[in-house]
Number of protein chains: 2
Amino acid sequence: MDKKFFLGIAVAAAIIFFVAAVATSLPKNTIPAEDRETLYQVSTIDALMQGVFDGIQPVGELKKHGDFGIGTFDGLDGEMIVLDGKVYQARADGAVYPVPDTMTTPLATVTYFESDRVVKTDHQMNLTGLSDALSAQLPSQNMIYAVKIHGTFPEMTVRAIPRQEKPDPTLTIAAKNQSVYTYKNANGTVVGFYTPVFFKGLNVAGFHLHFISDDKKTGGHVLDMTAGSGTVAELDITDGFAMSLPTSGTFAGVDLSQDLSSAVAKVER
Amino acid sequence: MDKKFFLGIAVAAAIIFFVAAVATSLPKNTIPAEDRETLYQVSTIDALMQGVFDGIQPVGELKKHGDFGIGTFDGLDGEMIVLDGKVYQARADGAVYPVPDTMTTPLATVTYFESDRVVKTDHQMNLTGLSDALSAQLPSQNMIYAVKIHGTFPEMTVRAIPRQEKPDPTLTIAAKNQSVYTYKNANGTVVGFYTPVFFKGLNVAGFHLHFISDDKKTGGHVLDMTAGSGTVAELDITDGFAMSLPTSGTFAGVDLSQDLSSAVAKVER
C-alpha cells in the first residue's frame, strides 16, 4: 500500500461525507407541502370567550407552523399580527411592538401564506360589503382561506384590548374596555382568515381580520374598514387544519358546551 | 506527507460518515411525539351526513397518521376498524374483510394509541350507562380521548350500512337499510373516540365506538352493548387534532351551514 491508496480513500470518503451532509441538511430548510397548506391553531375561540387568557405556547414555537396569521397574547394583551414571518403586538395604547420568541399566546392561528387566487373589488365598500364580495368569490364556502390585502385604505378602524388582570373575565366583558382607533388613508396589510360555519366553537366563522401599517407603527383587530375600488385581496386556499388544545391553565375546566357563535360575532365586529 | 497522514484522514472521514449515516436514518423510523398525540381526521361527520361518500384518501396514506381508529369506506361500504396498525372492513353481510392500502375512505379518524388512564366498571351497564360512567371519569370534558376496551361483552349490537349507489343519499336515509347484528358473550375490542361538544360539525360529539371480534370475523358500529362489571376501558388523552378537508368530489358544494348534531346523534345510536 502506498500514499496514493490512502489519498484515494480519503478523497472518496470526503466526497461521500459532503454529499451526505448536504442531503441531511436539505430537509431542515424545507417545510413539507402538507404543513404549508395547513391552518395551525392554538386553543379555541370559545375558550377565549370564556376567559382562558393564559398564554400556553411561546411565539417561537408558533412560528414553526406559519409565517402569516393572527391571535392574541398572554393576559389578552393586545392583538397579534404575523406577517412575513415576523410577529407584532398591537397594544391598547395604539402602538405596535416587536414580539420576543419567549412571549406566549392563549389563541393564535397561522399558516404559510401562498397566494392561490386574487379577488379585485370593483367599487368602494366597508367590511361587511368586502366580506360579502369575497364570500361570493370563494371556490367553496366549506374550505379554509388565508386572506391578505395590501393597499391604501381610505378608512381603517381597529381595536386592541388592554391586558386583563386575574380573575380573567369573559372576552365580552374584557372587550368593553377596548381601545378603538380610526386611521385615514392607511397604508398597510390586512391579515386574516375565513373559516367555514362548521368551525364555530373552534374559530371565528367567516372572516376574521387584523391590520398592520406598512411602517409597523399602528394596527389591531379590524372592526370596520373602507376598501377602495380596485383593492386586491389574495386568497390562500387551505385544506389542512391542525389544532393544539391547552394541557395547562384553566382550559380543562371551563364550560365549552354552549353555542357562543352569536356572542363571538358581536365581540368581533 | 506519509502513509500515516492519509490513513488518519481516511479513518476519521469513515467514522464521521458512519455517524452521519446513522443520525440521518434514525428519524425515518420515529413518529414525532406531537403526531402520536394527535387525532387525525379525513373530512367531517357533517359532510358524511350530507351524502359525501366518495373515498378521497387511500388507507395506505391514512395508516401513516395512526394505528388505531374508526371510519367508513368509499360508497359508505361498511364500517372501518383500525387496530394494532391493521385496517378492517365490517360489511353489511356481517363479515369482516382485510383492507388493501389502495382502498379509499370518505371519513376516518385515527391516532397512535397509548394508554394514559384506565377506567374499570363496577357493575353491568349498557352503552348509555358506559358512556356516562366514562364521561364522569374524564380528566376534562374539553379534551380528545381515544378509547379501547378489550374484553368479553355479554351483549354486543353492531350495524353496518350497505354500499350506496349514486346519487348518494344522506346518511340518515342510507342508514335505513343498515344491517344489525347482536352477538352474545362477544370476545373482542371496542375501538373509538370521545370528542368534546365543540367538535360537533366535525366529529361525533361524545363517544363514537366500533367493535371487532378477537377472531376478526365480526364487527361494526356499536349501536348498543353490555359491559360486565370489571370491564376495563383504556383512555389515550389526546391534545392534538389534525384534519384534511376533501379537495375533490362533492364536498365543496354541499350545505354544511346547519347544525346537524341531533340528526348525527340519532343515526349513530
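Source: prediction; values computed, not measured.

Criteria and thresholds
- Residues numbered from 1 in each chain as written.
- Chains lettered and ligands numbered in written order.
- Predicted model: local features only at pLDDT ≥ 70, side-chain atom pairs only at ≥ 80, totals over all residues.
- Heavy atoms only, no water.
- Helix = DSSP H or I, 4+ residues; strand = E, 2+ residues; numbered from the N terminus.
- Contact = heavy atoms within 4.5 Å.
- Core = buried A, V, L, I, M, F, W, Y, C linked by side-chain atoms within 4.5 Å.
- Buried < 20%, exposed > 50% of the residue type's maximum accessible area, 1.4 Å probe, protein only.
- pLDDT = per-residue confidence, 0-100.
- 1 Å grid on protein atoms, 1.4 Å probe; cavity = no way out; pocket = protein on both sides within 12 Å on 5 of 7 lines; lining within 4 Å.
- Points joined across faces, edges and corners; volume = space filled by probe spheres on them.
- Nonpolar A, V, L, I, M, F, W, Y, C, P; charged D, E, K, R; others polar.
- Polar contact = N/O pair within 3.5 Å; in protein donor to acceptor, adjacent residues only side chain to side chain.
- Phe/Tyr/Trp six-rings, centres within 6.5 Å; stacked < 30°, edge-to-face > 60°.
- Lys NZ or Arg CZ within 6 Å of the ring centre and 35° of its normal.
- Salt bridge = Lys/Arg side-chain N within 4 Å of Asp/Glu carboxyl O.

Student: Just to check I follow, could you spell out the environment of Leu-134 of chain A for this structure?
Tutor: Residue and element names in this part refer to chain A. Within the fold, Leu-134 resides in helix α5 (residues 127-137). The spatial distance from the C-alpha of Leu-134 to the C-alpha of Leu-235 is 9.3 Å, given a sequence separation of 101 residues. Those residues in contact with Leu-134 that sit more than four places away from it in its chain are Val-119, Val-147, Phe-207 and Ala-233.

Student: It is not clear to me how the nonpolar core should be interpreted in this structure. Could you clarify?
Tutor: In summary, soluble globular proteins display a tendency toward joint burial of nonpolar side chains. Residues Met-156, Met-225 and Phe-241 of chain A together with Met-156, Met-225 and Phe-241 of chain B are the most contacted members of the largest nonpolar core, which totals 99 residues. The contacts of Phe-241 of chain A, once residues within four sequence positions are left out, are Thr-38, Leu-39, Gln-41, Ile-144, Phe-199 and Leu-202 of chain A together with Phe-241, Ala-242 and Met-243 of chain B.

Student: How do you make sense of the environment of Gln-178 of chain B when you look at a structure like this?
Tutor: All names here are of chain B. On the secondary structure map, Gln-178 appears in the loop between α6 (171-174) and β11 (179-195). Judged by its relative accessible area of 24%, Gln-178 falls in the partly exposed class. The spatial distance from the C-alpha of Gln-178 to the C-alpha of Phe-211 is 16 Å, given a sequence separation of 33 residues. Excluding residues that lie within four positions of it along the chain, Gln-178 makes contacts with Arg-159, Ala-160, Ile-161, Pro-162 and Leu-223.

Student: Teacher, can you tell me more about the confidence of the model for chain A here?
Tutor: Do not read the fine detail of predicted coordinates wherever pLDDT is low. Residue and element names in this part refer to chain A. Averaged over chain A, the pLDDT score is 91; the fraction of residues at 70 or greater is 88%. Note on residues 22-29: pLDDT under 50 across the span, and one contact to partners over four residues away in sequence or across chains. Under the prediction, the complex receives an ipTM of 0.88, its pTM being 0.88.

Student: Even after reading the chapter, I still don't get the layout of surface pockets, so can you show me in this structure?
Tutor: Empty space left among the atoms is revealed by rolling a probe the size of a water molecule over them. All names here are of chain B. Each pocket or cavity is described by its volume, and for the second largest pocket that value is around 400 Å³. Taken together, 26 residues line the second largest pocket, and the ones lying closest to its centre are Val-204, Ala-205, Gly-206, Phe-207 and Arg-269. Of all the secondary-structure elements, those providing two or more residues to the lining of the second largest pocket are α3 (45-49), α5 (127-137), β12 (206-213), β13 (219-226) and α7 (261-267). Of the residues belonging to the lining of the second largest pocket, the class tally is 12 nonpolar, nine polar and five charged.

Student: Even after reading the chapter, I still don't get the environment of Arg-269 of chain B, so can you show me in this structure?
Tutor: Residues and elements named next belong to chain B. For Arg-269, the location among the structural elements is in the segment after α7. Arg-269 gets classed as partly exposed once you look at its relative accessible area, which sits at 45%. When the C-alpha positions of Arg-269 and Ala-108 are compared, they lie 18 Å apart, and in sequence the two are 161 residues distant. Once residues lying within four places of it in the same chain are set aside, the contact partners of Arg-269 are Leu-127, Thr-128, Ser-131, Phe-207 and Leu-223. Of note is the side chain of Arg-269, whose polar atom sits 3.4 Å from the side chain of Ser-131.

Student: Would you mind showing me how to read the packing of aromatic side chains here?
Tutor: In this structure the tally under the stated criterion is 19 aromatic pairs over all chains. Each member of the aromatic cluster is reached from another via a ring pair, and the members are Phe-198, Phe-199, Phe-241 and Phe-251 of chain A together with Phe-198, Phe-199, Phe-241 and Phe-251 of chain B. We note Arg-91 of chain A situated over the ring of Tyr-97 of chain A; from NZ or CZ to the ring centre the distance is 5.8 Å.

Student: What's the story with the pattern of salt bridges in this structure? I'm lost.
Tutor: Where charged atoms of side chains with opposite charge meet at close range, the side chains can pair. Across all of its chains, the model carries 22 salt bridges over all chains by this definition. Across the pair Glu-155 of chain A and Lys-184 of chain A runs a salt bridge whose closest N-O atoms are separated by 2.7 Å. Of this pair, Glu-155 of chain A sits in strand β11 (residues 144-160) while Lys-184 of chain A sits in strand β12 (residues 179-195), and the two are 29 residues apart along the sequence. Residue Glu-155 of chain A is classed as partly exposed on the basis of its relative accessible area of 30%. Between Lys-64 of chain B and Glu-61 of chain B there is a salt bridge, with its nearest N and O atoms 3.1 Å apart. Residue classification places Lys-64 of chain B among the exposed residues on the basis of a relative accessible area of 55%. For Glu-61 of chain B, a relative accessible area of 26% corresponds to the partly exposed category.

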